[in-house]
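# Survey of secondary and tertiary structure
In case you want the letters, here they are:
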Amino acid sequence: NAGVTQTPKFQVLKTGQSMTLQCAQDMNHNSMYWYRQDPGMGLRLIYYSASEGTTDKGEVPNGYNVSRLNKREFSLRLESAAPSQTSVYFCASSEANRARDQPQHFGDGTRLSIL
Amino acid sequence: EDQVTQSPEALRLQEGESSSLNCSYTVSGLRGLFWYRQDPGKGPEFLFTLYSAGEEKEKERLKATLTKKESFLHITAPKPEDSATYLCAVQRGPGTYKYIFGTGTRLKVLA
């Protein structure tokens, strides 16, 4: 009963380093999302994948890239990390339903610090 | 501009003291409003979806209601384990997959 699994849970990087955050869901959901959560700003959408094979930009995509590897997995890559990218990153997934919006289910996050 | 505003930012209650949290929204063509609970160091946990004005959902001590402009999360006789941040969210528009989250209400229930 894992739901959405994110790895790693914590990471410290130096400015300019790259890394990939991993996310996998076992609920057979079509749609997956990456958010960042910063104090006082709420959750902000970085990228999303409406279905396998598609990805689109959210509100704050600059400095990030994503890959929808298959239906289960959606990764987020920081090519050249900057201190402004210090944040908590959440992955989420949801069913696709054209008639009604469906709730998202979240992982427990990756806490990323960039020095 | 699409917006979700939650109030109050923080709320301290004594155990058993009922209260309500507010989520006001401005978005065209609402197709669902979502409430989540977030504990420190964890991801948001889904609580309720409300789809139309007048709809109500209940779970234990929590009851969510929806009007055309806002939603309320009523907490009846809260316990310390209800302490958490409560978030609400709506989708920006049909088929956009872009959800707007409020900044949340931090609830602390004192024993």
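Rules of the game
- Residues numbered from 1 in each chain as written.
- Chains lettered and ligands numbered in written order.
- Predicted model: local features only at pLDDT ≥ 70, side-chain atom pairs only at ≥ 80, totals over all residues.
- Heavy atoms only, no water.
- Helix = DSSP H or I, 4+ residues; strand = E, 2+ residues; numbered from the N terminus.
- Rg over C-alpha atoms; globule rule 2.2 N^0.38 Å.
- Buried < 20%, exposed > 50% of the residue type's maximum accessible area, 1.4 Å probe, protein only.
- Contact = heavy atoms within 4.5 Å.
- Areas by Shrake-Rupley, 256 points an atom, 1.4 Å probe, with all protein chains shown as cover.
- Core = buried A, V, L, I, M, F, W, Y, C linked by side-chain atoms within 4.5 Å.
- Salt bridge = Lys/Arg side-chain N within 4 Å of Asp/Glu carboxyl O.
- Buried area = accessible area lost by both parts, 1.4 Å probe.
- Disulfide = S-S within 2.5 Å.
- Pairing = 2+ DSSP bridges.
- Axes fitted to C-alpha atoms, helices over the stretch in contact; angles between N-to-C directions.
- Phe/Tyr/Trp six-rings, centres within 6.5 Å; stacked < 30°, edge-to-face > 60°.

Helix and strand content of chain B: zero helices and eleven strands. Radius of gyration (C-alpha) of chain B: 14 Å, near the 13 Å computed for a compact globule of 111 residues. With the principal axes as the frame, chain B shows a C-alpha extent of 45 × 30 × 20 Å. The buried share of chain B, reckoned over its 111 residues, is 47%. Within chain B, residue pairs in contact and separated by at least 24 positions form 54% of the contacts whose partners lie at least 6 positions apart. A total accessible area of about 5,300 Å² is found for chain B, and carbon and sulfur atoms account for 47% of it.

Counting 24 residues, the largest nonpolar core has Leu33, Trp35, Leu73 and Tyr86 of chain B as its most contacted members. At the level of secondary structure, the elements contributing two or more residues to this core comprise strand S2 (10-14), strand S3 (19-26), strand S4 (33-38), strand S5 (45-50), strand S7 (62-66), strand S8 (70-75), strand S9 (84-91) and strand S11 (105-110) of chain B. When residues of this core are assigned to their parent elements, the largest contribution, four residues, is made by S9 of chain B. Residues Val4, Leu21, Met32 and Tyr64 of chain A belong to the second largest nonpolar core, which totals 19 residues.

With that settled, consider the pattern of salt bridges. Residues and elements named next belong to chain A. Evaluated as defined, the whole model comprises eight salt bridges over all chains. A salt bridge links Arg36 to Asp38; the nearest nitrogen and oxygen atoms lie 2.9 Å apart. Across the pair, exposure class does not vary: Arg36 and Asp38 are buried alike. Here Arg44 ties to Asp38 by a salt bridge, and the two come within 2.8 Å at their closest N and O atoms. With a relative accessible area of 18%, Arg44 lands in the buried category. Take Asp38: its relative accessible area is 10%, and that puts it in the buried class. Counted as one network, the salt bridges with shared partners bring together Arg36, Asp38 and Arg44.

With that settled, the discussion passes to the interface of chain A and chain B. Between chain A and chain B, the contact holds 29 residues from the first and 22 residues from the second. Across the chain A to chain B interface the summed buried area is about 2,000 Å²; carbon plus sulfur atoms make up 52%. Across the chain A-chain B interface, the total number found is one salt bridge. Lys42 of chain B is the salt-bridge partner of Asp108 of chain A, the closest N and O atoms lying 3.7 Å from each other.

Residues and elements named next belong to chain A. For the structure shown, the criterion picks out two disulfides over all chains. One disulfide bridge connects Cys23 with Cys91, the sulfur atoms lying 1.9 Å from each other. Its S-S torsion of about -75° marks the bond between Cys23 and Cys91 as left-handed, since a negative value means left-handed. One end of the pair, Cys23, is in strand S3 (residues 19-25); the other, Cys91, is in strand S9 (residues 87-94), with 68 residues separating them in the sequence. Cys91 carries the same exposure label as Cys23, and that label is buried.

This part covers the sheet that holds strand S7 (residues 64-68) of chain A. Residue and element names in this part refer to chain A. If you walk across this open sheet you meet the four strands as S1-S3-S8-S7, and the pairing is antiparallel. Both edges of this open sheet fall to strand S1 (4-7) and S7, since each of them pairs with a single strand only. Between one strand axis and the next, the sheet turns by 20° as a mean value, whatever way the strands run. Here S3 pairs with strand S8 (residues 74-78) via three bridges, running antiparallel. In the sheet register, Leu21 faces S8, and the bridge partner there is Leu76.

As a further point, take the packing of aromatic side chains. Tallied over the full model, the rule gives eleven aromatic pairs over all chains. Relative to Phe106 of chain A, the ring of Phe90 of chain A lies with its centre 6.5 Å away and its plane at 80°, an arrangement referred to as edge-to-face. With Phe90 of chain A in strand S9 and Phe106 of chain A in strand S10 (residues 105-106), this pair connects stretches of sequence that are 16 residues apart. In this pair, the class of Phe90 of chain A matches that of Phe106 of chain A, namely buried. Between the aromatic rings of Phe106 of chain A and Tyr36 of chain B, the centroid separation amounts to 5.6 Å while the plane-to-plane angle is 90°, which identifies the pairing as edge-to-face. Here the residue Phe106 of chain A occupies a position in strand S10, and Tyr36 of chain B occupies one in strand S4, the pair thus bridging two chains.

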